[in-house]
Amino acid sequence: MARTTRPTSSNYDFPVVMEELKTSDGQPAGFWGTRRTDTGKVLGVTSDKYGLLLNSTLVDSIESVLTDKGLKYNKDVKVARDGATMYAEFNLPENLIGIPGVGNQDISMRITGRNSYDRSCFAALDVAGLREVCTNGMKALRSTFSFNQKHSSKLDLSGVSRAIDSAIDAFRTMGEDYVLLAGTNVSTQQGEYLLQNLRDSKVLSESLRKEITSFWKTPRYTEDEGRNLYNVYNAATLRLTSEAKHKDRDGKLVYTHGEPSHKKRYEYANKVSETLLKKLTKAAKDRTLLHKLIQKPAGQPA
């Protein structure tokens, strides 16, 4: 990731308006801009047909639907790129699935509401799993559920409700993907080769490949000691969500997952996690592809 990537913020409820853009001589340019009135920053360029959906409207709508369904949750909102995009994470600790064969690990549900002011995405929901042993987030295939509408100042709560129902149904079955990965054994060396081959195919940067390899070779948790594709993926998600060291009141060194690197690289981490999961799941289903991925990279010394 480029070093100029801007960090995220938790401030999502800021004022945004649509304003007509003009040329240098004051004539209408035929485009409209979405502008933060608190900072003056223009977040995106669109047309007069664009419906401005405020972050607060989406967050309030999701909270309302979750409450109506009797689902307990905790919320964490991240805003990226000066406010152009928002990711509102809702962790549902009582919605759990177990992954047999890997110490019966529990994975809780996370729903993420996405919104943008620069047309980079429609308002939608993503579903992911949250490993209870270390709280690192794991993406899920079949993860995006739209509200079946473009940006609008009014959000149809029935659409949000249906999207959440679809996300819950997908979460109940997403464990199948993880079970498939857990049942695909690879040696420690084969896992290293796999990560090197993913680097060569531009899925991973060299620096990230080295860091994930460290987690793979020296598991931080006993649950990660099994040698399989599931734990290759766990090594990656554990690194992507990061570990921030700090001292508690007694001066002891403790770890807090997800801070601060995760917030600074949130969009990047999600993209890599989802791409990696697709690659590993495809390899688990296709033994020819798996054999290719775990082979020693070409040109590497014997």
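Please read these numbers as outputs of a predicted model, since none were measured by experiment. (Residues numbered from 1 in each chain as written. Predicted model: local features only at pLDDT ≥ 70, side-chain atom pairs only at ≥ 80, totals over all residues. Heavy atoms only, no water.)

Enquirer: I keep staring at the sheet that holds strand β2 (residues 28-36) and nothing clicks. Help me out?
Expert: Two strands in a sheet stick together by hydrogen bonds in their backbones, pointing the same way (parallel) or opposite ways (antiparallel). Read from one edge to the other, the open sheet built from three strands follows the order β1-β2-β3, with strand pairing classed as antiparallel. The strands lining the two open edges of the sheet, one partner per strand, are β1 (16-22) and β3 (42-46). Between one strand axis and the next, the sheet turns by 30° as a mean value, whatever way the strands run. Bridge analysis of β1 against β2 gives six bridges, and the strand direction is antiparallel. Looking across to β2, one finds that Met-18 is bridged to Thr-34. (Pairing = 2+ DSSP bridges. Helix = DSSP H or I, 4+ residues; strand = E, 2+ residues; numbered from the N terminus. Axes fitted to C-alpha atoms, helices over the stretch in contact; angles between N-to-C directions.)

Enquirer: Would you mind showing me how to read the pattern of salt bridges here?
Expert: Pairs can form between side chains of opposite charge whenever their charged atoms are close. Applying the stated rule across the entire model yields 17 salt bridges. Linking Asp-169 and Arg-172 is a salt bridge whose minimum nitrogen-to-oxygen distance equals 3.2 Å. Remark: Arg-172 and Asp-169 occur in helix α2 (residues 157-182); sequence separation between them is three residues, near one turn of the helix. Its relative accessible area of 59% is what places Arg-172 among the exposed residues. Salt bridges sharing common partners tie together Arg-199, Asp-200, Glu-206, Arg-209 and Lys-210. (Salt bridge = Lys/Arg side-chain N within 4 Å of Asp/Glu carboxyl O. Buried < 20%, exposed > 50% of the residue type's maximum accessible area, 1.4 Å probe, protein only.)

Enquirer: Looking at this structure, how should I read unusual backbone geometry?
Expert: In terms of backbone geometry, most residues other than glycine have negative phi values and most peptide bonds are trans. With phi around 55°, Arg-81 is a residue other than glycine that occupies positive phi space. Along the chain, Arg-81 falls in the loop between β4 (74-80) and β5 (85-99). Residue class for Arg-81 comes out partly exposed when judged on its relative accessible area of 26%. Its identity as a non-glycine residue notwithstanding, Asp-82 has a phi of 65°, on the positive side. For Asp-82, the position within the fold is in the loop between β4 and β5.

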